[in-house]
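# Topology and contacts: notes
For reference, the chains in residue letters:
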Amino acid sequence: MAMSQDLTRGKVGWTLFSFSLPFLLSCLLQTLYGMTDLYFMGRYGGVEEITAVSIGSQLLHLLTVVLIGFSMGATVLVARLAGAKRREAISQVIGNTALLFLGLSLALAVLLFLLAPAIVSLLGTPPESRTGTCLYLRLCFCGLPFLTAYNVTGAILRGMGDSRSPMLYVALAGLLNVLLDYLFLGPGGMGPEGAALATVIAQGASVALALLPLTRKGGELSLSLQDFRPRADLLRQLLAIGLPIACQDGFIQVAFLVITVIANLRGLQDAAAVGIVEKQICFLFLVPSAMLASVSAMAAQNLGVGRHDRARQTLGCALAISLGYGLLCVLAMHAFSEQAVSLFTSDAQVIRLGGEYMRGYVWDCVLAGIHFCFSGFFCAYGRSGLSFLHNALSILLARIPLAYLASLHFPHSLYPMGLATSSGSALSALLCLLLFLAIPSLRCPEKCLSPGNSTPNTGSL
């Protein structure tokens, strides 16, 4: 398999754009899995089934985000080695990554399947939706190894500079998901379990396609059985970079689940409104998410050849793109929030409440765009613990307590809850800027390196 793009050359802005666009499109198509479930459920089911799918798919999104964050360790290590043209070491990273995530996904699938009823209860799911939510989750948990395999393979390919292949594979799987959703939820009338089954089958198809580049013989990169021998040093580096990002992303998603629980306790309409908007926000967050992954891969490749100036330029370009995009989202959702919610339901109360929540929440697209870019930059430098720190503080000090207070004092409107949710990202953005300015090894790394040590350490690879 050839590395399709050298991220250490060319104009920084164009290189970042051309690399991030395929990743953005692949994230868009993957997000459409859950949105397609919700769309067809809204057309062929009732409010209780819509709520079941929205709550279940939100938990599945949590797992997806955590897996993507965890796989960031593979992206960064592979990118550094790709920049340094060390292909044999890349093969060893891929083999050890496969071992780590295969064991993790199988154990997690079994555990979550057994805990599904308790999870549904813990989320405060309305009684009318509990059975459907449990069925949806258990089927999706069975497909967790597929979800893991696709996201890890995509992380490896991005580290090597290939963001196009994952996009093509998930596009084909997305078309399959749309077809199966229609068949299972429309003529089949299977309800939430049909939506979950369609998702699992489509994910399995995407895995089969995504593994092709890594198993193809005769390419520049080939894998052997030796590459799958566990190496403690590699596993430590994968965990050291990926685990803080996974914890950070998991913490963020848990915070959103807590907010969902707060909304669930307000009643069925509030729960449905928040569930629909959360799904749409996942769609709007695709550009900030693409910037996080792209900055990590591009900055890490440049660190592999000691191009710290180019790594900083990457961060600057990503910030400009994210801010511009976020402001466009704010303008669009303030004008058309109710119309956006009405795509998924015809219930007038849900549309009103969802529109209010969206108008407050959409400011997160601007603020999250800032701290996502910084998090990608921190991760490329092996400082992913900083990302966990700022997100943990923002969640504990702002996002959850302010959302709870807003729900308590404004029982008839979701707009204050939306603003409270955005407040967490405002604190994160501020902390990221302060950390960047306060840590010399991030702001001016060249001055912190001793002569003869201008490239970052890649361990014993």
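Residues numbered from 1 in each chain as written. Predicted model: local features only at pLDDT ≥ 70, side-chain atom pairs only at ≥ 80, totals over all residues. Heavy atoms only, no water.

### Quick notes on the overall build of the chain
For the chain, the helix and strand inventory stands at 19 helices and 0 strands. Taking 23 Å as the expected radius of gyration for a compact globule of 461 residues, we find that the chain reaches 21 Å, a close match to that expectation. A principal-axis box enclosing the C-alpha atoms of the chain has dimensions of 65 × 45 × 35 Å. Going through the 461 residues of the chain one by one, you find that 58% of them count as buried. At a minimum sequence separation of 6, the contacts of the chain that also span at least 24 residues come to 85%. Accessible area for the chain stands at about 17400 Å²; split by element, carbon and sulfur atoms hold 70% of it. (Helix = DSSP H or I, 4+ residues; strand = E, 2+ residues; numbered from the N terminus. Rg over C-alpha atoms; globule rule 2.2 N^0.38 Å. Buried < 20%, exposed > 50% of the residue type's maximum accessible area, 1.4 Å probe, protein only. Contact = heavy atoms within 4.5 Å. Areas by Shrake-Rupley, 256 points an atom, 1.4 Å probe, with all protein chains shown as cover.)

### Describing the pattern of salt bridges
Summed over the entire model, instances satisfying the criterion amount to 5 salt bridges. With its nearest N and O atoms 2.8 Å apart, the salt bridge here joins glutamate 338 to arginine 359. A residue pair is termed long-range when its members are at least 10 positions apart, and glutamate 338 in helix 13 (residues 308-342) and arginine 359 in helix 14 (residues 348-361) qualify at 21 residues. (Salt bridge = Lys/Arg side-chain N within 4 Å of Asp/Glu carboxyl O.)

### Points about a nonpolar patch on the surface
Side chains of Val110, Leu111, Phe113, Leu114 and Leu115 sit close together on the surface and give an oily, nonpolar patch of about 460 Å² of accessible area. With respect to the helices and strands, the residue phenylalanine 113 is situated in helix 4 (residues 87-122). (Patch = residues over 30% accessible without salt bridge, like charges linked within 9 Å, V, L, I, M, F, W, Y side chains within 5 Å.)

### A word on the packing of helix 3 (residues 72-83) against helix 6 (residues 144-159)
Running from N to C, helix 3 and helix 6 point in directions that differ by 25 degrees, and their axes come no closer than 7 Å. If you check the angle between helix 3 and helix 6, you find them roughly parallel. Between helix 3 and helix 6 lies a crossing of right-handed hand. Touching Ala74, Thr75, Val78, Ala79 and Ala82 of helix 3 are Ala155, Ile156 and Gly159, all from helix 6. Class assignment of the residues belonging to the contact of helix 3 with helix 6 gives a composition of 6 nonpolar, 2 polar and no charged. (Axes fitted to C-alpha atoms, helices over the stretch in contact; angles between N-to-C directions. Parallel < 35°, antiparallel > 145°, perpendicular 65-115°, else oblique. Left-handed = near helix turned anticlockwise from the far one by under 90°. Nonpolar A, V, L, I, M, F, W, Y, C, P; charged D, E, K, R; others polar.)

### A short note on the confidence of the model for the chain
Summarising the model, the chain shows a mean pLDDT of 80, and 90% of its residues fall at 70 or more. Between the elements of the chain, mean pLDDT differs from a low of 56, seen in helix 19 (residues 445-448), to a high of 90, seen in helix 13. Taken as a whole, residues 448-460 scores under 50 in pLDDT and shows 20 contacts with residues more than four places along the chain or in a different chain. (pLDDT = per-residue confidence, 0-100.)

### Re the packing of helix 4 against helix 6
Running from N to C, helix 4 and helix 6 cross one another at 155 degrees; their axes reach a closest spacing of 9 Å. By the angle between their directions, the pair helix 4 and helix 6 is classed as roughly antiparallel. As for how helix 4 packs across helix 6, the hand of that crossing is right-handed. Counting all contacts with helix 4, which are made through Ile94, Thr97, Phe101, Ser105, Leu106, Leu108, Ala109 and Leu112, the residues of helix 6 involved are Leu144, Pro145, Thr148, Val152 and Ile156.

### Side note on helix 2 (residues 47-70)
One turn of the α-helix equals 3.6 residues, which is why residues spaced by three or four share an orientation. Relative to the 34 Å expected for 24 residues at 1.5 Å per residue, helix 2 spans 34 Å between its end C-alpha atoms, a close match to the ideal helical length. Within helix 2, 18 of the 24 residues are buried, which leaves it mostly tucked inside the rest of the structure. (Expected span 1.5 Å × (residues − 1).)

### Considerations on the state of the cysteines
The tally for this structure, following the rule as stated, stands at 0 disulfides. Cysteine cysteine 140 remains unbridged, with the sulfur of cysteine 142 as its closest cysteine sulfur at 9.1 Å. (Disulfide = S-S within 2.5 Å.)

### Here's the deal with the packing of aromatic side chains
On inspection of all chains with the given rule, the structure shows 9 aromatic pairs. Between the aromatic rings of phenylalanine 70 and phenylalanine 101, the centroid separation amounts to 5.1 Å while the plane-to-plane angle is 65 degrees, which identifies the pairing as edge-to-face. Remark: phenylalanine 101 occurs in helix 4 and phenylalanine 70 occurs in helix 2; sequence separation between them is 31 residues. Its relative accessible area of 4% is what places phenylalanine 101 among the buried residues. (Phe/Tyr/Trp six-rings, centres within 6.5 Å; stacked < 30°, edge-to-face > 60°.)

### Focus: the environment of asparagine 264
Looking at where asparagine 264 falls in the secondary structure, it is placed in helix 10 (residues 232-264). Residues asparagine 264 and isoleucine 55 lie 209 residues apart in sequence; the distance between their C-alpha atoms is 9.6 Å. Once you skip the residues sitting within four places of it in the chain, asparagine 264 turns out to touch Ile55, Leu123, Gly124, Thr125, Pro126 and Ala271.

### Digging into the environment of methionine 167
Here methionine 167 shows up in helix 7 (residues 164-185). In this structure, the C-alpha to C-alpha distance between methionine 167 and leucine 28, residues 139 residues apart in sequence, is 9.2 Å. Ignoring sequence-local partners within four residues, the contact set of methionine 167 consists of Pro22, Leu25, Ser26 and Leu29.

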